[in-house]
Amino acid sequence: HRGKGTFVVEKTIDLDFLQKIQPMVQLIEKGGLSAKIRLLSKKVKPFNFDTMGNLELNPNDKVLEVTRVYEADNEPLAYFFFYYPLKRFENIESFDFDQSTLTEVLHAQYAFQFGSNYRTIYAVNLSDEVSSVLKVSKKSAGFKIHTISYDQTSIPSTTTTYYIRGNGININIDFTQDLSQ
């Protein structure tokens, strides 16, 4: 019988990140939601091609791994793993990412400008670890997005892998082409 039960309003996030480089906080706030970032960890690790993708590094090169959770209206929305090669971003591990955003550090300390991104999007069942962080049922549907960011000279400079919960979220993507160029 219609009209009985609970009505759940889904959150809508416009993920324009497929077309342009924009911080996740801005994307969340653009949807009219309150954004919050929680730093989970920051550690130096050896480069791993399988996890970090093609950064044109040697296996003995070190990277800084920063993990964060982005919340929308106090609910975990996305779980991020950022990787920064230490040989390209000297002393990046010394910054306090609780006080500064990653983008602020890259622009202010390294005069880094993004040139382009290459993104791969997967529909996945979230692992137990990711499900726990995003506070969803184990093996819930979600999205895994792997990004390699290039500088303005087309050198692969950073890589990011993140997971977005799939339940209760509408994701709108505008694929229209800008014909003004």
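Our subject in this report is the structure included herewith. (Residues numbered from 1 in each chain as written. Predicted model: local features only at pLDDT ≥ 70, side-chain atom pairs only at ≥ 80, totals over all residues. Heavy atoms only, no water.)

## A word on the pattern of salt bridges
Side chains carrying opposite charge are able to pair once their charged atoms draw close together. To keep it simple, the criterion reads: Salt bridge, as used here, is a side-chain nitrogen of Lys or Arg placed within 4 Å of a carboxyl oxygen of Asp or Glu. Comment: elements are numbered from the N terminus, with helices defined as DSSP H or I runs of at least four residues and strands as E runs of at least two. A simple rule labels every residue: compare its accessible area, found with a 1.4 Å probe on the protein chains alone, to the largest value its type can have, and call it buried under 20%, exposed over 50%, or partly exposed in between.
This model, assessed by the stated rule, comprises six salt bridges. When the shortest N-O distance is used, the salt bridge between Glu71 and Arg38 registers 2.8 Å. Note that Glu71 is positioned in strand E3 (residues 62-72) and Arg38 in strand E2 (residues 35-46), a separation of 33 residues in sequence. Owing to a relative accessible area of 6%, Glu71 belongs among the buried residues under this scheme.

## Notes on the layout of surface pockets
We count it as follows: Both site types are read off a 1 Å grid over the protein atoms alone. A 1.4 Å probe that fits but cannot get out defines a cavity, while an open set with protein on both sides within 12 Å along at least five of seven lines defines a pocket; lining residues have an atom within 4 Å of a point. Grid points are joined across faces, edges and corners, and a volume is the space filled by probe spheres set on the points. Under the grouping applied here, Gly and all other residues not named as nonpolar or charged are polar, the nonpolar ones being Ala, Val, Leu, Ile, Met, Phe, Trp, Tyr, Cys and Pro and the charged ones Asp, Glu, Lys and Arg.
One number sums up the size of the second largest pocket: a volume of about 220 Å³. Looking at the lining of the second largest pocket, the elements with two or more residues in it are helix H2 (49-52), strand E4 (75-85), helix H4 (128-134), strand E6 (141-151) and strand E7 (156-165). Examining the composition of the lining of the second largest pocket, we find that four residues originate from one element, H2, more than from any other. Within the lining of the second largest pocket, the residues separate by chemical class into eight nonpolar, five polar and three charged.

## Focus on the environment of Lys36
Looking at where Lys36 falls in the secondary structure, it is placed in strand E2. The spatial distance from the C-alpha of Lys36 to the C-alpha of Pro76 is 9.0 Å, given a sequence separation of 40 residues.

## Digging into the sheet that holds E4
Whenever strands of a sheet pair, they do so through backbone hydrogen bonds, lying parallel or antiparallel. Inclusion rule: Paired strands, in this sense, are two strands between which DSSP finds at least two bridges. For every element, the axis is a line fit to its C-alpha atoms; helices are fit only across the contacting stretch, and the angle between N-to-C directions ranges from 0 to 180 degrees. The contact criterion used throughout is that any non-hydrogen atoms of two residues lie within 4.5 Å.
On the basis of which strands lie adjacent, the open sheet formed by six strands has the order E2-E3-E4-E7-E6-E5 and antiparallel pairing. With partners counted over all chains shown, the strands left at the sheet margins are E2 and strand E5 (114-125), one partner each. Across the sheet, the mean angle from the axis of one strand to that of its neighbour is 15°, orientation sign disregarded. In terms of strand pairing, E2 meets E3 through 11 bridges, oriented antiparallel. Among the inter-strand pairings, Lys42 is bridged to a residue of E3, identified as Val66. Together, E3, E4 and E5 form the strand contacts of helix H3 (residues 102-110), whose direction differs from that of E4 by roughly 30°.

## A few points about the packing of aromatic side chains
Just so we agree on the cut-off: Working definition: rings of Phe, Tyr and Trp (its six-membered ring) pair if their centres are within 6.5 Å, and the pair is stacked with planes under 30 degrees apart, edge-to-face with planes over 60 apart, and tilted otherwise. For a Lys NZ or an Arg CZ to count as sitting over a ring, it must be within 6 Å of the ring centre and within 35 degrees of the ring normal.
The tally for this structure, following the rule as stated, stands at seven aromatic pairs. Measuring from centroid to centroid gives 4.7 Å for Tyr70 and Phe80, while their planes differ by 55°, and the two rings are tilted. Of this pair, Tyr70 sits in strand E3 while Phe80 sits in strand E4; the two residues are 10 residues apart in sequence, bridging distant segments of the chain. Across the pair, exposure class does not vary: Tyr70 and Phe80 are buried alike. By the ring-pair criterion, three or more aromatic residues cluster together here, those being Tyr70, Phe80, Phe82, Tyr84, Phe89 and Tyr162. When the ring centre of Tyr122 is taken as reference, the NZ or CZ atom of Lys144 above it lies at 5.3 Å.

## Details of the side chain of Asp151
Cut-off, in case you're wondering: Charged residues are defined here as Lys and Arg on the positive side and Asp and Glu on the negative side; His and the ends of the chain fall outside this count. Think of a polar contact as two N or O atoms within 3.5 Å of one another; within protein, one of them needs to be a possible hydrogen donor and the other a possible acceptor, and neighboring residues in sequence only count if both atoms come from side chains.
By the secondary structure assignment, Asp151 is in strand E6. We note that Asp151 is buried and unpaired, the nearest opposite charge coming from Arg88 at a distance of 6.6 Å. Within the local environment of Asp151, its side chain forms a polar contact with the side chain of Thr153, the two groups lying 2.7 Å apart. When sequence neighbours within four positions are dropped, the list of residues in contact with Asp151 reads Phe112, Gln113, Gly115 and Ser157.

## Re the nonpolar core
Selection rule: Nonpolar cores were defined as sets of buried Ala, Val, Leu, Ile, Met, Phe, Trp, Tyr and Cys residues, with membership established by side-chain atoms within 4.5 Å.
If you look at the biggest cluster of nonpolar residues, it comprises 25 residues, and the most contacted ones within it are Met24, Tyr84, Ile92 and Phe97. Elements that contribute at least two residues to this core include exactly helix H1 (24-30), E3, E4, H3 and E7. Broken down by element, this core gets its largest block of residues, five residues, from E4. Not counting residues up to four positions away in its chain, the partners in contact with Ile92 are Leu64, Tyr84, Leu86, Phe97, Val105, Leu106 and Tyr110. Counting 15 residues, the second-largest nonpolar core is a separate cluster that includes Phe47, Tyr83, Leu134 and Val136.

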